[in-house]
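Geometric and topological summary
Chain residues, written in single-letter form:
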Amino acid sequence: MTEQTAGSTTRTSRLSEQLRQQTRPVELTVDHLRVYYATRSGYVRAVDDVSFEVRPGAYLGIVGESGCGKTTLVKGIFRLLPEDAFVDGDVRLDGRNVLAMKSNELRQARWTRMSLITQSAMNSLDPVYRVGDQIVEAIRAHWDVSYDDAWQRAAEMFDLVGLAPDRLRNYPHQFSGGMRQRAIIALALVLQPGLIIADEPTTALDVITQDQILARIRRIHEAASASMILVTHDISVIAETCNDTAVMYAGKIVEYGPTIGVLQEPCHPYTMGLKNAFPNIKGGIDKLIAIPGSPPSLIDPPQGCLFAERCPFASDRCRDLKPSLRHVGTDHSAACHYTDQVASLRERAKKKSTWDEVAVRIGLA
Amino acid sequence: MTTRREPGNSLDQDRAATPAPVIEAKGLKKHFPVDTGVIAALVRRGPPRTVKAIDGVDVSVSSRSIFGLVGESGCGKSTLGMTLVRLYEPTAGRIFLSGEEVTHIHGDGLQQFRRRAQIIFQDPYGSLNPRLTVGEAVEEPLKIHGIGDRAERAVRVVESLERVNLQPRHFLHRYPHELSGGQRQRAVIARTLVLKPDFVVADEPISMLDVSIRAGILDLLEMLSKDLGLGVLYVSHDISTVRYVCDRVAIMYLGVFVEHGETDEVIDYPAHPYTQALMAAVPIADPTATRRRVELPGEVPTPIDIPSGCRFRTRCPCVMDICSRVAPPWQEVNPGHHVVCHLYQSSVTPTRLAKEAR
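Residues numbered from 1 in each chain as written. Chains lettered and ligands numbered in written order. Predicted model: local features only at pLDDT ≥ 70, side-chain atom pairs only at ≥ 80, totals over all residues.

1. Remarks on the overall build of chain A
What chain A contains, in helices and strands, is 14 helices and 12 strands. The C-alpha atoms of chain A give a radius of gyration of 22 Å, which matches the 21 Å a tight globule of 365 residues would have. Across its three principal axes, chain A shows a C-alpha extent of roughly 80 × 45 × 40 Å. When burial is assessed residue by residue, chain A has 49% of its 365 residues classed as buried. Put simply, of all contacts in chain A between residues at least 6 apart along the chain, 65% involve residues at least 24 apart. (Helix = DSSP H or I, 4+ residues; strand = E, 2+ residues; numbered from the N terminus. Rg over C-alpha atoms; globule rule 2.2 N^0.38 Å. Buried ≥ 20, exposed ≤ 12 C-beta atoms within 10 Å, placed from the backbone. Contact = placed C-beta atoms within 7 Å.)

2. So, the interface of chain B and chain A
Taken together, the contact pairs 35 residues of chain B with 36 residues of chain A. Broken down by secondary-structure element, the contributors of at least two residues to the side of chain B that touches chain A are helix H10 (211–226), helix H11 (239–245) and helix H13 (273–280) of chain B. The greatest single-element share of the side of chain B that touches chain A, amounting to 7 residues, is contributed by H10 of chain B. A per-class count over the side of chain B that touches chain A returns 18 nonpolar, 10 polar and 7 charged. (Nonpolar A, V, L, I, M, F, W, Y, C, P; charged D, E, K, R; others polar.)

3. Comments concerning the sheet that holds strand S5 (residues 100–101) of chain B
Residues and elements named next belong to chain B. With antiparallel pairing, 4 strands are arranged side by side in an open sheet as S2-S1-S4-S5. What marks the edges here is a single partner per strand, and that holds for strand S2 (50–62) and S5. Here strand S1 (residues 21–33) runs beside strand S4 (residues 92–97); their pairing, made up of 5 bridges, is antiparallel. The residue bridging Lys29 from the neighbouring strand is Ala92, located in S4. (Pairing = 2+ DSSP bridges.)

4. Quick look at the sheet that holds strand S8 (residues 227–232) of chain A
Residues and elements named next belong to chain A. With mixed pairing, the 8 strands of this open sheet are ordered in space as S6-S7-S8-S3-S9-S10-S12-S11. The open sheet has two edge strands with one neighbour each: strand S6 (114–117) and strand S11 (326–329). Averaged over neighbouring strand pairs, the angle between their axes works out to 20° when direction is ignored. Together, strand S3 (59–63), S6, strand S7 (195–199), S8 and strand S9 (244–249) form the strand contacts of helix H2 (residues 70–78), whose direction differs from that of S7 by roughly 150°. (Axes fitted to C-alpha atoms, helices over the stretch in contact; angles between N-to-C directions.)

5. Things to note about the domain arrangement of chain A
All names here are of chain A. Taken domain by domain, chain A consists of domain 1 (28–242) and domain 2 (257–361). Every contact between the two is made by 16 residues of domain 1 and, on the other side, 9 residues of domain 2. Sorting the residues of the side of domain 1 that touches domain 2 by element identifies strand S2 (42–54) and helix H9 (235–241) as the ones contributing at least two each. Considering each element in turn, the side of domain 1 that touches domain 2 owes the most residues, 5 residues, to S2. The residue makeup of the side of domain 1 that touches domain 2, split by class, is 8 nonpolar, 6 polar and 2 charged. (Domains from an automatic or database assignment.)

6. Description of the pairing of strand S4 (residues 86–93) of chain A
Residues and elements named next belong to chain A. Pairing geometry for strand S1 (residues 28–39) and S4, over 7 bridges, is antiparallel. Across the sheet, Leu28 pairs through a bridge with Leu93, a residue of S4. As paired strands, S4 and strand S5 (residues 96–97) are joined by 2 bridges and run antiparallel to one another. Bridge pairing in S5 places Arg92 opposite Asn97.

7. Examining the nonpolar core
In terms of nonpolar packing, the biggest core is built from 204 residues, with Ala186 of chain A together with Leu221, Val232, Leu233 and Tyr234 of chain B touching the most fellow members. Both of domain 1 (28–242) and domain 2 (257–361) of chain A provide at least three residues apiece to this core. In this structure Tyr234 of chain B touches Ile66, Phe67, Gly68, Leu69, Ala202, Leu221, Val245 and Cys246 of chain B, once residues within four positions along its chain are discounted. (Core = buried A, V, L, I, M, F, W, Y, C linked by C-beta atoms within 7 Å.)

8. Some details on helix H7 (residues 177–189) of chain A
In this model, H7 of chain A (13 residues) spans 19 Å end to end at C-alpha, consistent with the 18 Å of a helix rising 1.5 Å per residue. Looking only at H7 of chain A, the buried set comprises Gly178, Met179, Arg180, Gln181, Arg182, Ala183, Ile184, Ile185, Ala186, Leu187, Ala188 and Leu189 of chain A. (Expected span 1.5 Å × (residues − 1).)

In C-alpha cells, the structure reads:
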C-alpha cells in the first residue's frame, strides 16, 4: 500500500515536472487577417484586415458588440471556421503560420500550444461521457501517458479550478452552469498551453459565479504565465482583468492600447460612446447614454469610416475615406481621422445632446 | 430599530410616504410540484415534493415608480413577475391591483385584468410574431380587447409607436426580421403601451440587447413610469443597471426578499451579507478602481430543500448559531431600508457594519 502510494506520488510529480517544462508563454501575431463568409447576397466581411500582437505572458481583452466579428476572429486564429469561409492573412504562433499548418501539426498545436475556453459550456461537453473521461481523452490524445496518470492529472486540474476531484466521475448534466464552465477551464488548461483564448467565458453565468471564474482565470494566468486573450462584450470585465484592450467594431479593430489608456482616455468616438452606455455600479447617478442607430451591414459596408453613420463628429472626409489605425500615444492607436482633436471630442462625447443630434440626423428621433 | 415578526409589516410603514400602490402582493407563494408522474406517485414516500419558487413575498409597486427586483438565476424573480400579472396562479397569498383583489379572478375578470397589467419579456425576437408587421402586432391587443373601431385603433397604434421613438411612417409596415434588437424591443413596448396599462413587468428587458443601445430602452422604461404614470416592476440579474432607473429595489434569494429599500441606500449601504456579496462581485468599468472581493462558498441550494432558519446560512460568511434554528425577522436598519438578518438584532450599528464589510 505504502509502496503504491509512493509510486503514484513519484508518477504525479514526474508528470507535473514534465508539464512545467512544456509550459512557456506563446507569442501570437495576427497580421492583416480577413475572414469573409460567402452568402447569396455577397461576402460578409466578418473580420476585415485585423492585425495585433500578443506578447508572451500578455493579457489582451477584445471588446465589441454582438456581430462585430469577435468570435469569428477567435475561430480564425484556431482555424475552426467552416470550409467555405474565405480566410486571408497570417496568424503566427511563435513564428509558425497557423493558417498554413498541416492538419497533423495543427492538431498538435491545438490544446498543447493554444487552447480555447468557449462561451457555452453546456455545448462543449459531451453529455454521454463522464467529465473525467473527456479530460483524460484530451490528455491521451496528445501525450503518451497511462489512463491512471491522465486521470490523476485531471484531478489536479479540477483542484486548481475549485472543483472536488471526485466530481470527475459525474456527467455534465450533474454540474451547474458555473461548474461546467470550470470543467471547461480545467480542460483548456490541462495540457498547459502557452496561449489561452477565452471567448465570453462568463456571459451565461451569474455575477457571483462570474466573479469567481474570472478570479480563477486571473490567478492561473499569473501562476502559469501563459499568454491570454479574453473576448467579451463587457467593458467592466476587461477593465478589471486585461493589460491591453482592443475595441472591435464592424469587423475591424478601431482602438488598441493599454487598458487604462483606452478606457480612461478613449481616442475613438465609438469607445467614448461605449463608455457612456455602460453602467458603473460605483458611478454617480449620471444617466447612461445610448449610441443611436446600429452597426452597418457587413455585406456592403460603407466606403468611409464604418462608424461614421452613428458618430456625432463625422464629416464628409469620414464618409469618403476609411481611417487606418494610427498612433495616439505609446502603444495606443485609434482608427479615426480626428485623433488630433481628441481632447475636445472627449468633452463633447460626454454630453447627451451630442448623441441626440446623431439620432435626429439618422432619423430616429 | 424595531423588531418585526411579520414580513408584511415592513412595507406598511412606507405606504404613507409613497403614492398608493398600483400592485400589491401579500404573503405570495408559488410552488411547483415535481415528480408528478404515475410511477413517481407510486414509489414516493411522504407528500409530493415542490419547488418553492416564491415562498412568501410581500411586494408593493406604486404608480409613477420603478421597482427593481434583483437576484441570481433561479431565485424566483421571473416567477414573481409572472405571478403578479397572473400568468401563474399563486399557491398562497393575495394580489391586489389598485386595491382590488385579483388573486383568483378568471374569465372576463382576468381579461380585464390583462388589459391593465402587462409584461415585457427578455427576448424581443421570440415575443413578436414573425408574420405580423409592427403595426399589426401593436394593433392586435386592441382587437383582442375589442377596443375602438378601425380608425380609432390606427390612431392609438401610431401614438404608441411615436411614444417609443419608432417613426410610424418607417416602421408600421415592417416585419420583425427587418428590425434590430433594440427596435424590436421598442415594438414590444409599444404593443404593451397601446392598452394603456397601469402596471408593467419588465423581465430582463435589456439583457439580450447590445450595450450601446441598452440605455435607450432604460430611458423608455423611465418614460413609462414618469410620463405615463405606470408602476413598473423591473426584473434584472444586473444590479448595476438598477441604479439608473429604479426608485426602490428588492434583493431576492431562494424565493424570498432578503433586503429592500431606496435604490441608492441599498446599493451604497448593503446590509444583508448576500447583497454585500452580490455587490462585491460586480466588476467595475474603471481600470483604476480596486474592489474588495467576497468569496461565497458553494452554490445556491435547491428550492426543493430549503435550508432551515435563514435561507442564506449555507453560504453566508457571517453565519452564527442562531441562523440554522430561527428564521430572521424583518428589521429596519435605516428609515425605509429593511433586511432579514440576525446580524442586525444586536447593538451593532448596521450602517457602519455594512460599510466595513465592503
